[in-house]
Amino acid sequence: MSDTAYLKKEDYEEPCCPFEKPDRKETIPIGRVISRLDEYLNRNDLAAAERHLKYWRQEADLCRDERGRLSILNEQIGLYRKMGRETECNEAIESALRQLEALGMETSVTAGTTYINAATGFSSFRHFDRALPLYESARRLYEEKLPPSDYKLGGLYNNMAITLAALKRYPDAEELYSRAMAVMKQNKGTEGEIAVTYCNLADLAAVQGNSPEDYLKKAEELLNAHILPDNGYYAFICEKCAPTFGYYGHKETEKALLKRAKEIYERN
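Cut-offs used in this document
- Residues numbered from 1 in each chain as written.
- Predicted model: local features only at pLDDT ≥ 70, side-chain atom pairs only at ≥ 80, totals over all residues.
- Heavy atoms only, no water.
- Axes fitted to C-alpha atoms, helices over the stretch in contact; angles between N-to-C directions.
- Helix = DSSP H or I, 4+ residues; strand = E, 2+ residues; numbered from the N terminus.
- Parallel < 35°, antiparallel > 145°, perpendicular 65-115°, else oblique.
- Left-handed = near helix turned anticlockwise from the far one by under 90°.
- Contact = heavy atoms within 4.5 Å.
- Buried < 20%, exposed > 50% of the residue type's maximum accessible area, 1.4 Å probe, protein only.
- Phe/Tyr/Trp six-rings, centres within 6.5 Å; stacked < 30°, edge-to-face > 60°.
- Lys NZ or Arg CZ within 6 Å of the ring centre and 35° of its normal.
- Salt bridge = Lys/Arg side-chain N within 4 Å of Asp/Glu carboxyl O.

Two elements in contact, helix 12 (residues 232-247) and helix 13 (residues 251-267), have axes whose closest approach is 8 Å; the angle formed by their N-to-C orientations is 160°. Here helix 12 is positioned roughly antiparallel relative to helix 13, judged by the angle of their axes. By crossing handedness, the relation of helix 12 to helix 13 is classed as left-handed. Taking contact as the criterion, the partners of G232, Y234, A235, F236, C238, E239, C241, A242, P243, F245 and G246 in helix 12 are, on helix 13, K251, T253, E254, L257, L258, R260, A261, I264 and Y265.

In this section: the environment of G249. Examined against the element boundaries, G249 turns out to sit in the loop between helix 12 and helix 13. Accessibility expressed as a relative area gives 53% for G249, which makes it exposed. C-alpha of G249 to C-alpha of A205: the two residues are 44 residues apart in sequence and 15 Å apart in space.

This next bit is on the packing of aromatic side chains. If you walk through the whole model with that rule in mind, you get four aromatic pairs. When the centroid spacing of 5.2 Å and the interplanar angle of 90° are considered together, the rings of Y55 and W56 count as edge-to-face. Given the relative accessible area of 17%, Y55 is considered buried. On the basis of relative accessible area, W56 is assigned to the buried category, the value being 1%. Lying across the ring of Y157, R179 places its NZ or CZ 5.8 Å from the centre.

Moving on: the pattern of salt bridges. What the rule picks out here adds up to 14 salt bridges. Across the pair K82 and E239 runs a salt bridge whose closest N-O atoms are separated by 3.8 Å. Residue K82 is located in helix 4 (residues 66-83), and its partner E239 is located in helix 12; the two are separated by 157 residues in the primary sequence. Residues R267 and D230 are paired through a salt bridge, measuring 2.5 Å at the closest nitrogen-oxygen approach. Taken as a pair, R267 in helix 13 and D230 in the loop between helix 11 (213-223) and helix 12 lie far apart in primary sequence, 37 residues in all. R267 sits in the exposed class, given a relative accessible area of 53%. Three or more residues are tied together by salt bridges with common partners; here these are E50, K54, R85 and E88.

What follows is about the packing of helix 10 (residues 191-207) against helix 12. Between helix 10 and helix 12, whose axes approach to 10 Å, the crossing angle comes to 15°. Between helix 10 and helix 12, the crossing angle belongs to the class labelled roughly parallel. Seen from above, helix 10 lies across helix 12 with left-handed handedness. For the pair formed by helix 10 and helix 12, the contact residues are G192, E193, A195, V196, C199 and D203 on the first element and Y233, I237, K240, C241, T244 and F245 on the second.

Shape is all these values report; function is a separate question.
Rendered as structure tokens:
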């Protein structure tokens, strides 16, 4: 059993008391909650991450911390997507969307982020028709409220393009991949995200009858760059890109990326 199988004291040392007066509101320590979650994800300890988020979702309910609850729901969407748990992911999505409405935050940047998380969850389980309207809502909010070079826009364009490609809207997908690349190149430390976009472009080229090799070469160069941080997020990117290389016959690259990810998780 993992040494992170149970919650540690620092994970729950500030719980809300269930016997508080009903008109009293508190907040969960969301910064510390996310920091601990990142530690679990850096070790790829998804079971511990799940227990952690379930605990703090209950605490947010007891505290009547509506914004904290929304933050936890957004994290649960991403976690259950990564775990391949569709039922739980859908429940978190629906709860998050209801929470946004209850808070009256449907026109905020936070709403845009929630729409993206929900859309990416739907897309990962191939519900592309449900994902696209959410991406479109997020795009309207982000383009209105964020500067054109904002990192968040790059992530939106890349994820939305994947759904457009799945719906066979190839020119629209290519345009958004180009937008994603342009945004990411204006931000530091985004080489991993750019590599993911090159892998996506490789798939888009192949489905249109073109060679994916130039895109794969550029992605591999970035993934092998020493400037990338040796952490759990980089390991996740390696895992995400590896099957693309394997699919196009680059088995050694696939094997190397998966081995690299495993070693990082084990060290963490």
